Structures are given as C-alpha cells and as structure tokens.
There are 2 protein chains.
Amino acid sequence: MFPVRTGRIEENEMSVDIAQRVHNHNFRIDPVVRSLLDTDFYKLLMTYFIWRNYPDVAVTFSVKNRTKSVRLPDSISETELREQLDHVRSLQFSESELIWLQGARFYGQRNIFPGEFIDALRTMRLPEYKLRQEDGEFILDFTGPWWKVSHWEIPALSIINEMRARSAMADMSAYQLRVLYSNATSKLVRKLKDLSEAGVPRIAEFGTRRRHSWLWQDFVIEAMREELGENFLGTSNALHAMRHGIEAIGTNAHELPMTIAALSRLETQGYTNPSVSRRALFASQYEVLRQWQQTFIGNLLVALPDTFGSTQFLKNAYRNFPDIAEWRGFREDSKDPFVGGEEKIAFWKEVGQDPRQKIQLFSDGLDVDQMIALHEAFGGRILDGYGWGTMATNDFRGCDPRGLDLLDPISVVCKVSYVMRSGRGGISAVKLSDNYEKATGSEREIAYYREVFGAEGVANAPVIV
Amino acid sequence: MFPVRTGRIEENEMSVDIAQRVHNHNFRIDPVVRSLLDTDFYKLLMTYFIWRNYPDVAVTFSVKNRTKSVRLPDSISETELREQLDHVRSLQFSESELIWLQGARFYGQRNIFPGEFIDALRTMRLPEYKLRQEDGEFILDFTGPWWKVSHWEIPALSIINEMRARSAMADMSAYQLRVLYSNATSKLVRKLKDLSEAGVPRIAEFGTRRRHSWLWQDFVIEAMREELGENFLGTSNALHAMRHGIEAIGTNAHELPMTIAALSRLETQGYTNPSVSRRALFASQYEVLRQWQQTFIGNLLVALPDTFGSTQFLKNAYRNFPDIAEWRGFREDSKDPFVGGEEKIAFWKEVGQDPRQKIQLFSDGLDVDQMIALHEAFGGRILDGYGWGTMATNDFRGCDPRGLDLLDPISVVCKVSYVMRSGRGGISAVKLSDNYEKATGSEREIAYYREVFGAEGVANAPVIV
C-alpha cells in the first residue's frame, strides 16, 4: 500500500529542515552581496573600457544620501555595514562567472571581453573603503584605480538599501511579513498587468542599486518575464541575467564623461590660454563617444547626453563627432522625458536619420503611469525602451501592514567625486545634468563647468528617486 | 570561525528537504479532511443532543449544489471524490481530541460532554455514503443513525469545495499560485483592517464548509486574530480551535427543528383529527428549544428562529415557551438582517427583556460592507455578533492572475432530507426559512408546512452564498 498523509502535525514537522535550521543558527552575517557579478552589467563594459583606456587613472567614489528626511545611521549599524562591506572585499569572480562573461552573447555579440581583461578580473579584489559618521550621516568613500573602484558603486548601494529594508522589517512578525510581501506582490503584478495591457515595449529591469533585496529582485524579474512576455528586454544585473538565462542590459553611465572631463581639467591646469582649457573640457564629452566606439560596436552604441546638459550636447554633437549619426540611440536620464524625447526626435531628423530606427531608453525614476504615457507619446515615432529601476524592485509604499513608511524607497547615490592622475594631482569631478538638483561636484568646479557648457534646457525638477 | 553563507546556490539546495520530497512522491491521495474534529463545533453539541434525545432516529442527509451555473462533475472526478470520502470513513477521533473535548471550556463551561458520549465518539466511524451522477450532477447522500450521519455534513462540503479549488488551480504555475495567494492575502487583510477600523465587534470565523482549503482557513484565523484583536470571537472549527487554543463557536442548526418537525409528522400520520396533527407540527419548533435547554445552559442558549419562518416563530414563542425570555439571543440566517434585527429588538422588548443584553448573531452570507452597516444599525442596541463564513475563508474573487473565475465560491449545502423512525416509516424533512429560495423538502410536505406556519415575513431574496 502507498502511504497516506494522516496528520497535520506530521506534515508540519516534515517541513522543518533541521539541518538548515542549525545551519541558520550559525550565520555570522547574512551577506547582501555574495558575488562580484551581482552588479549592473554596464559596470563590466565600463570597467573594461577604463582598464583599456585609462589604466593609470585613480578616482574616489562617494556615497551620498539625497533623501534629507532620512539619516542612514538611524537604521543601519556602522558595525554591520562594515561587515557587509568587508564581505564584498573578500569576494572574487568565480570561474563559472568568468566563463559566462567570456562565452555569453551580449547584444548579439560574443567575446566582447578579451582574455587579458578576464584575467585581470580573475585576481581583482575591491579596494579599501573609508567609513565614518559626520553630522548624523555616513561618510563612505572608495579610492583606488578607477577600473576597480567603479566596481564598488552597485554593491555599496544595494548593501545600504537592503540593510535599511532589513532594519525596517526587524520587528515584524512572520504574519506581518507574509502580509507585507503579499501586498508588494499584488502591487507589482497589478503594475505589470497595466504595462502589459498598455502594450509598453522594451522594458528592462534596472533596479539593482535600489532593490529591496536580492531575493525580491529575483521575484521581480520572474514576474516581469511572466507578465510582459516579449516586451521584457532583460535585466541590468549580470548575475540575475546569468542565472535566469536572459539578456544583460546596459551600456554606460555618467562616470565616463565626468572622469574624462576632469582629466581634461588636470591636463590643461597649467595652460595660460583659458580658451584652450575651455575647448578641451567642452570637447571631452565627445571624446568619450569616440573612445567608446573604438571599444564597442552595434547596440552598445547608446549615448548618455545629459552629463553636462543635453541641449548643448545635441546642438554641437554632429559638428564635433559626425559618427553620432550612426549610433543606435540615447538614454534619457534627467530631463523631463517628454521634452527630452522630442529633442532626440528633432536631433535625428536634423542629422538625416529616421528616428523610428533609433533607440530612446528612458531610465529616470520611471513608474507605470509615466511609462504608459511615454509610450503613447513616442510609440511608433522612435524605438522607445524603458529602464525600470526603483519602482520595479523597491516599491513597498503602502504595503507595510503596520502602516509605516520605513520601507519607502530613498535616493542614495554613489558617484565619482574626485579624479587623480599620477604627476598631475587631483580635481573634483562634476555632473551638471538636465536638472539642477542632480548636479554634483565642488562649487568652484560646477561654476566653471556652467560657464563652459551653459545652462540651456536645464530644469529644476524635484528629485524623487 | 563562524561559517558564512557564500553562495546563492548552496542556500537554495539547503532549502530542499529531500526526505519530504520523496515522501511527497508517494502520496496516494492528499486528504482534504484528516480528522473528525475538523468540523463545526456545533456538530458536537448537536450530535450529543441527538445521541441523548433521539438515539433511535435515522436520517438521510443530501448534498445539493444551489449554484446552477456550475456542475460539480465538470471539475471534480468521481473517483477522487470517492477516495476523499473513503478517507473520512477511515478516520476516528484521536485520544488527544477526545481529551480536549472533555477537558476544554466551551462558553465558559467545562465538562459539557458526559463520558458516555465521549465513549460513543471514540468508536464512531461515519456511515456509508451513496454517490452517483444524474443529469451531469452528483447525487450524494448519507443514511444512518442521525447522530452519526450528522457528522458527514461538514467534511462532505469541505471536501467538495477544496476539490473544486484544487481542480481550478491544477494548471497554475508556481508563479501564478504565488500571485494568487498574495492577492487573496492582500484582499483578506484589507477587509479585516476595514472591519477593525469600523470597530465591528464579536466576529467569528464560520467558514469551514465553504473554505478554499484547510491551510487557507488556518491563515484566515491567524489573520483574524492579528487584525481584529479583542473583536475576534473564535472559530466554528473544533480542530482549529484546539490547535490555536481559541474559542470554539456555535450552538445549533436547522437540522434539529427540521428533523423534530418531521418526527411529529410521522407520529401523527394516522390521526383522524387534522388539527391535532397541525398543532403538533406547529409546537415542534418550540419543543426543540425545551429539549435544548434541558441539555445545555448559559451562552449555548441561542435560538435559530427561521426554520419555518421567523415572524410566526417570534409571534407565538413566548406563549408556547415562556423560557425563551431567558435565552441569550438569536442567530439570524435567512431574513434581510436589517429587518430581522429590528424584529428581534421588538421581540425582546415585548417579552420584557433589555435587547442590549441579548445576542444577535448574524450569519447569512456576510461580507465586510454589510457587517459594518449592520454594526452601525445595531451596535449598542443589541449585542451584535457576526458569523463570517464563505467571504472569510473562500473569497478569491478577482485574485486569479489568469483572470478566471474558477475559484469564485459556490453555494453547496448538505441538509437533512429524509427522517425515519423504526416502525413509523419515513418522511421528507422540510425547511421553509425566511427566504423562498432557501426552502427545501418534498413539494407536498412544503405545501403542508406552509399551511401550518404561513408565510408572514418571508421574502424572496436571491441566494448568493
């Protein structure tokens, strides 16, 4: 005879894995980041670019909490933050991760990374961090070779966000947690069904840095695959992409034009003719594109025009860098996206290109209603795509059964703040962006950059996420 | 050194309990009902009452699907239904269940059940069932000693409802199930928070027979405890009450007046004076109360007045059974509850009692908005209480991520249909209720009962659940 389950209690006992329970008792820490591949894929593209073109440049990346109403040390213990950061410093890429990086097809291309770079990754460990508290907030920065320091950005941010979430949930009962995740699941799936019904195309998961947790991001990706079907483009997270067998998405970020601009400032520091210095700084934003094009091809040729203001960038792009006409498209990251989209369509027409063949990747604090409205505005006029970040992987607003807002997302960034080149000293890095609120850098340098780049088309939109 | 969890994969492997997985491979069936105590507590009160007062009466209970748009055999295999029913026939009360029944305090009283009845339960097995199909629907009935057959009602109904739910979920992926239960959890908790904010008092879980599943009911009870606090009265389910250590709620049901009325019909069948027969039938509805009062005391003295129409019941109650004035209250089960509540308040005043000291337990297809409205109407005027059934334990409407309605609750009942007494033959049992739609029995008997009891105050409200 076959056995029959006869008792509820027996069943409940069966479901406790005693070995796992004992294993759990002995955790020293529960690491947030357990692999160097648990990062945005574009970090690998960019650090290869840096390793190849700027091996001798050192930088400092600094963490900045842009949400003034929240002080991180109120919810995150400095000791535990150190443990998490130390754990990341103990990590190295595993052989299977390196094999995947070398063998996988990214944007239709194989062998993007040469063996020498894979060898460099094999032995890489992340540089030291400096952590202290000042005025009730953490001061956290990372200094060292640019291509290594750059690897800190994403793990540092995901650690801070997940530690904050863990702290918010520390007092919750099993029941409350069950309700919390049920609410968040229902909310997420409702949003995805809305996106699916509206037919919004080319949606990628971009939420690693602001995610609630690794496991939640894993579910978000599963839900996006289930609900969006062909309109799901992939994830920016390299480890999730590898594990799910889906596309790793992303190209480049502000640290490239920011650092290369700062390098031009260091180069021309001694020059007597100020207009030469200015011209060099101005030209540096196109120099990035030239070098990127020497390193990558095809769909990886997506430009980020807003580092020093999109309007001036576009106005002068074709004259300074005619190849831009052949690039695949733009990422839109700080301008009102409806204005920015029109600006890009006008640009492509001006340079004799059909905008309907060009990518326009929106990525600035997107949520569902805006994505639907953007697709209504731009669908069929340009290849609209969506890098959905915080509101995909960390939207727990209204989900806490206690009615608290401790799990609402905050805006913490980790940006290049200082650039050094041997024999030339160092200088503050600057981002102006299309939004005054998002500008970073020393006041003096920002003022200088504003003189050079102007402020045409720059708005003062409030920063939410 | 303490171990550190270093790999995601390792963690996932740890969470698979291989022994449990292998155990699961070998299930013959996954029984819906695994204990005879997994039933409404009032069945134990009633079967004790029957065992004591009517040991020689035999009855038939019949299952009836009142939702005409759904045919049960379309989703439930007859073979599997037989396996589930056979499994229930293999069950006996366990010693610890009997100890709990004998030792626990119900409504503040210990030792409600004498040792002789516990001994009878110890050896009891449920009588045979008869199952066949006719016109695309199951014909399922149970015949045998009343006190044993009565134990079939709740397991038969919970089996049918859970098998239907299992069938509706059979094709769902793990992802879809996760979303389904998240949606249902969010919906349930939202409802409970609404009840809590409105301050609706004395809410009991009454949903065993129509539950989605045992495990879901278990969570519903946990959620009610968490969200309702002091306003959570307990559960009608004896096994859940035992396992959670909470109050078992319930008193009596229509089968008592129905069967006792049918017995009076059998008694007076040969009488030549028709008015004697009619008087006997009419008086039987109060005879139940008299006998109940000889068996139980205190808070168990809650009357169910609607079996043959509440209006006529109340009008003649005090004259026929003056002790009714001392009873604790009424359960309201088929009349418009706003009308029924006013009727009961008027009744208590008429018999010189303060309605504010009397229980008014609403239990007919309740959901949140109605409970809140009833509390607004009756709070402070009578001790309003709420037996929340189907919409507590089986409200999955709108929760299926496929957009299907296969999990919407249906209305299946299992009622006494035929009453037999040795040497007197048998006769159809009748319920008139306060709602024509809910009337059951042979046409001829219903017509006779209507002559005797009249139809004052009977409405034709549609039956939803």
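## Observations regarding the overall build of chain A
Within chain A, the regular secondary structure consists of 18 helices and eleven strands. Taken over C-alpha atoms, the radius of gyration comes to 23 Å for chain A, in line with the 23 Å a tight globule of 465 residues would show. Overall, the C-alpha framework of chain A stretches about 90 × 50 × 45 Å when taken along its three principal axes. Out of the 465 residues in chain A, the part that is buried amounts to 59%. Long-range pairs, those at least 24 residues apart, make up 78% of the contacts in chain A with a sequence separation of at least 6. The centroid of the 56 positive side-chain charges in chain A is displaced by 4 Å from the centroid of its 62 negative side-chain charges.

## Looking at the packing of helix α5 (residues 95-103) of chain B against helix α6 (residues 115-123) of chain B
If you want to describe how two helices pack, look at the angle between their axes and the distance between the axes. Residue and element names in this part refer to chain B. Where α5 contacts α6, the two axes come as close as 11 Å, and the packing angle between them is 155°. Comparing the axis directions of α5 and α6 gives the class roughly antiparallel. Like other packed secondary-structure pairs, α5 and α6 cross with a definite hand, here right-handed. Residue-level inspection shows Glu95, Leu98, Leu101 and Gln102 of α5 in contact with α6, the latter providing Gly115, Ile118, Leu121 and Arg122. Grouping the constituent residues of the contact of α5 with α6 by class yields four nonpolar, two polar and two charged.

## So, the sheet that holds strand β6 (residues 302-303) of chain B
Residues and elements named next belong to chain B. Taken in spatial order, the six strands line up as β5-β4-β9-β8-β7-β6 in an open sheet, and their pairing is parallel. The outermost strands of the open sheet, each flanked by one partner alone, are β5 (232-235) and β6. In this fold helix α15 (residues 337-350) packs onto β7 (329-332) and β8 (359-362), with an angle of close to 165° to the strand it touches most, β7.

## Looking at the pattern of salt bridges
Per the counting criterion, the structure on display carries 72 salt bridges over all chains. If you follow the salt bridges from partner to partner, you end up with Asp40, Lys43, Glu153, Arg209 and Glu255 of chain A in one network.

## A closer look at the environment of Phe138 of chain A
Residue and element names in this part refer to chain A. Tracing the chain through its elements places Phe138 in strand β3 (residues 137-145). By relative accessible area, which is 7% here, Phe138 ends up buried. C-alpha separation for the pair Phe138 and Asn65, spaced 73 residues apart in sequence, amounts to 8.8 Å. Beyond its immediate sequence surroundings of up to four residues, Phe138 is in contact with Leu72, Pro73, Ile76, Glu78, Leu81, Leu131, Arg132 and Gln133.

## Some thoughts on the packing of helix α3 (residues 41-53) of chain A against helix α12 (residues 255-267) of chain A
All names here are of chain A. Where α3 contacts α12, the axes come no closer than 11 Å and their chain directions differ by 25°. Judged on the interaxial angle alone, α12 and α3 are roughly parallel. Handedness of the crossing formed by α3 with α12: right-handed. Within the contact between the two elements, α3 uses Lys43, Met46, Phe49 and Ile50 and α12 uses Glu255, Leu256 and Ile260.

## Some remarks on the packing of aromatic side chains
Residue and element names in this part refer to chain B. Scanning all chains against the criterion turns up 70 aromatic pairs over all chains. With centroids separated by 5.8 Å and ring planes inclined at 75°, the aromatic side chains of Tyr48 and Phe296 adopt a geometry described as edge-to-face. Separated by 248 residues along the polypeptide, Tyr48 in helix α3 (residues 41-53) and Phe296 in the loop between α13 (274-295) and β6 bring together distant segments of the chain. Residues Tyr48 and Phe296 agree in their burial class; the two are buried. The aromatic ring of Tyr448 is capped on one face by Arg265, whose charged end is 3.8 Å from the ring centroid.

## Quick notes on the pairing of strand β2 (residues 129-134) of chain B
In this sheet, strand β3 (residues 137-145) of chain B lies alongside β2 of chain B in antiparallel orientation, the contact comprising six bridges. Following the sheet pairing, Glu134 of chain B is matched in β3 of chain B by Glu137 of chain B.

## So, the sheet that holds strand β4 (residues 203-205) of chain A
Residues and elements named next belong to chain A. The sheet built from six strands is open, its strands ordered β5-β4-β9-β8-β7-β6 with parallel pairing. Here the strands that pair on one side only, and so sit at the sheet edges, are β5 (232-235) and β6 (302-303). In this sheet, strand β9 (residues 383-388) lies alongside strand β8 (residues 359-362) in parallel orientation, the contact comprising four bridges. Within the sheet, the bridge partner assigned to Ile359 lies in β9 and is Leu383.

## Overview of the confidence of the model for chain A
Residue and element names in this part refer to chain A. When pLDDT is averaged along chain A, the result is 93; 94% of the residues meet or exceed 70. Predicted confidence for residues 1-13 stays below pLDDT 50, and this span has 28 contacts to residues more than four positions away or in other chains. Per the prediction output, this complex has pTM 0.90; the corresponding ipTM is 0.86.

## Looking at helix α14 (residues 310-320) of chain A
An α-helical turn contains 3.6 residues, so a residue and the one three or four places further along point in the same direction. Taken residue by residue, α14 of chain A has Ser310, Thr311, Gln312, Phe313, Leu314, Asn316 and Ala317 of chain A as its buried positions. The elements touched by buried residues of α14 of chain A are α13 (274-295), β7 (329-332), α15 (337-350) and α18 (443-453) of chain A.

## A closer look at unusual backbone geometry
Residue and element names in this part refer to chain A. Within the chain, Asp135 stands out as a residue other than glycine whose phi angle is a positive 50°. For Asp135, a relative accessible area of 67% translates into the label exposed. For Arg202, which is not a glycine, the phi torsion comes out positive at approximately 50°. The topology assignment puts Arg202 in the loop between α9 (174-198) and β4.

Reading the values: rules and limits
- Each residue is numbered by its place in its chain's sequence as written, counting from 1.
- Chain A is the first chain written and ligand 1 is the first ligand written, with later ones labelled in order.
- With pLDDT at 70 or above as the cut-off, local features in this predicted model cover only qualifying residues; side-chain atom pairs require 80 or more to be listed or tallied, and sums for whole chains, interfaces and linings still use all residues.
- Note that the side-chain values use all heavy atoms of the structure and ignore hydrogens as well as water.
- What counts as a helix is a DSSP run of H or I of at least four residues, what counts as a strand is a run of E of at least two, and both are numbered from the N terminus.
- As a reference, a globule follows 2.2 Å times the number of residues to the power 0.38, and the radius of gyration itself is taken over C-alpha atoms.
- Think of it in three bands: residues with accessible area under 20% of the maximum for their type are buried, residues over 50% are exposed, and the middle band is partly exposed, with areas taken using a 1.4 Å probe on protein chains only.
- Note on contacts: a residue pair qualifies if any of its non-hydrogen atoms lie within 4.5 Å across the two residues.
- When charges are counted, Lys and Arg are positive and Asp and Glu negative, with His and the chain ends excluded.
- The atom standing in for a charge is NZ when the residue is Lys, CZ when it is Arg, CG when it is Asp and CD when it is Glu.
- Axis definition: a line fitted to C-alpha atoms, over the contacting stretch in the case of helices. Angles run 0 to 180 degrees between N-to-C directions.
- Angle categories: roughly parallel below 35 degrees, roughly antiparallel above 145, roughly perpendicular from 65 to 115, and oblique for all the rest.
- Crossings are assigned a handedness: left-handed for a near helix turned anticlockwise from the far helix by less than a right angle, right-handed for a clockwise turn.
- Just so you know the grouping, Ala, Val, Leu, Ile, Met, Phe, Trp, Tyr, Cys and Pro go in nonpolar, Asp, Glu, Lys and Arg go in charged, and all remaining residues, Gly too, go in polar.
- For two strands to pair, DSSP has to find at least two bridges joining them.
- For salt bridges, the criterion is a side-chain nitrogen of Lys or Arg within 4 Å of an Asp or Glu carboxyl oxygen.
- Pairs were defined over the aromatic rings of Phe, Tyr and Trp, the Trp ring being its six-membered one, requiring ring centres within 6.5 Å. Orientation was assigned from the angle between planes: stacked under 30 degrees, edge-to-face over 60, tilted for the rest.
- We call a charge positioned over a ring when the NZ of a Lys or the CZ of an Arg lies within 6 Å of the ring centre and within 35 degrees of the ring normal.
- Looking at any residue, its pLDDT shows the predictor's confidence there, from 0 to 100.

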